Amino acid sequence: MSEDAFIVSPTRKHTGTIIFLHGLGENGENWKLLLSKMVKPNVKVICLNAKKIPLTLNKGFPTAAWFDLASLDENKLEDESTIMRAVDKLHDIIDEEIASSKVSSTKIMLAGFSQGGALAMYSALTYHKRLAAVMVMSSWPVLRHTMPDAAINNTNTPMLQCHGTEDPVIFYKWGLILSEALKEMNPNKYEFKAYEGLMHAVNDQELEDVKNFINKIFP
């Protein structure tokens with residue numbers, strides 16, 4: 001996995017792991033730098049790197065992406081087959097982390113930004129074991145026509161969703177659509193935070209909220 005990820009290794013007894021998925025066209029390096037400043041010494045961070053695939057949204061140009069996208073229009077058909085392949089692969093990565101590190105699934109947080117967050121959330125809801133938490137930023141609900149039936153697990157797991165109100169890429173209204181679905185599924189442990197004027201990025205307040213959430217899950 002090390003070739004496909006930037007990793008922050010714990011410097012004390014390993015008691016929790018964050019698996020983080022970056023946004024479209026990125027890699028995990030910048031997220032590793034950000035998250036390394038947030039976590040306590042007992043927490044491992046795995047910032048996965050997506051492979052470059054011919055992306056329909058970019059007229060077939062190879063782009064680092066978790067699954068193919070033809071459009072960012074919420075009403076367009078999604079490429080369900082590549083999404084489900086990505087979900088299955090992420091489930092395998094979680095299983096691999098459990099087996100190799102000996103931490104239980106309940107000590108693993110899935111997290112991500114934009115497309116990575118969309119995949120992280122759907123993967124959490126369709127994973128067969130309970131997770132510690134899920135945290136997503138600037139994301140949208142993939143395959144929402146399959147919900148809530150596809151959600152077999154983690155519907156009562158701590159969740160944090162963050163979104164900028166002026167996001168020109170993943171519109172704020174899409175974040176609200178995801179929010180409504182999650183709130184209905186998980187009324188007790190779901191939290192939504194909006195950031196006035198924030199575009200498709202993070203700001204200091206959001207990073208502080210993310211840090212607080214992480215340290216609440218992994219004290």
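Residues numbered from 1 in each chain as written. Predicted model: local features only at pLDDT ≥ 70, side-chain atom pairs only at ≥ 80, totals over all residues. Heavy atoms only, no water.

- An unreviewed UniProt entry annotates the chain as palmitoyl-protein hydrolase of Macrosiphum euphorbiae.

A few points about the nonpolar core
- With 45 residues, the main nonpolar core has I19, L48, F67 and L110 as its most contacted residues.
- Counting only elements with at least two residues in this core, the list comes to β2 (16-21), β3 (43-48), α2 (80-101), β6 (108-113), α3 (115-125), β7 (133-137) and α4 (172-185).
- One finds V39, A133, V210 and F218 within the second-largest nonpolar core, a separate group that totals 27 residues. (Core = buried A, V, L, I, M, F, W, Y, C linked by side-chain atoms within 4.5 Å. Buried < 20%, exposed > 50% of the residue type's maximum accessible area, 1.4 Å probe, protein only. Helix = DSSP H or I, 4+ residues; strand = E, 2+ residues; numbered from the N terminus.)

Here's the deal with the environment of A118
- Structurally, A118 is set in helix α3.
- Taking relative accessible area as the criterion, A118 reaches 3% and is therefore assigned buried.
- Between the C-alpha atoms of A118 and T56, which are 62 residues apart in sequence, the distance is 18 Å.
- Not counting residues up to four positions away in its chain, the partners in contact with A118 are S139, W140 and V142. (Contact = heavy atoms within 4.5 Å.)

Observations concerning α4
- End to end, α4 covers 20 Å across 14 residues, agreeing with the expected 20 Å (1.5 Å per residue, within 8%).
- Those residues of α4 not exposed but buried are W174, G175, L178, S179, L182 and M185. Along α4, the residues classed as buried sweep out an arc of 145 degrees about the axis, all on the same side.
- Taken together, the buried residues of α4 touch α3, β7, β8 (159-164) and β9 (190-195). (Expected span 1.5 Å × (residues − 1). Arc of directions from axis to C-beta.)

Re the pattern of salt bridges
- Applying the stated criterion to the full structure yields 4 salt bridges.
- Residues D4 and K51 are paired through a salt bridge, measuring 3.5 Å at the closest nitrogen-oxygen approach. Of this pair, D4 sits in the segment before β1 (5-8) while K51 sits in the loop between β3 and β4 (52-55), and the two are 47 residues apart along the sequence.
- Taking the relative accessible area as the measure of exposure, D4 reaches 33% and is therefore partly exposed.
- K44 is the salt-bridge partner of E97, the closest N and O atoms lying 3.1 Å from each other. With E97 in helix α2 and K44 in strand β3, this residue pair connects regions lying 53 residues apart in the sequence. Like E97, the residue K44 is buried in the burial classification. (Salt bridge = Lys/Arg side-chain N within 4 Å of Asp/Glu carboxyl O.)

Observations concerning the packing of aromatic side chains
- Throughout the structure, instances matching the rule amount to 4 aromatic pairs.
- For the ring pair F171 and W174, a centre distance of 5.1 Å and an interplane angle of 55 degrees mean the geometry is tilted.
- Here the aromatic residues F20, W31 and F113 are joined through ring pairs into a cluster of three or more. (Phe/Tyr/Trp six-rings, centres within 6.5 Å; stacked < 30°, edge-to-face > 60°.)

Quick look at α2
- When the terminal C-alpha atoms of α2 are compared, their 31 Å separation across 22 residues agrees well with the 32 Å that a helix rising 1.5 Å per residue should span.
- Listed in full, the buried residues belonging to α2 are T82, I83, A86, V87, L90, H91, I93, I94, E97, I98 and S101.
- Those residues of α2 that are buried are in contact with β2, β3, β6 and α3.
- With its phi angle positive at about 70 degrees, K102 sits one or two positions after the end of α2.

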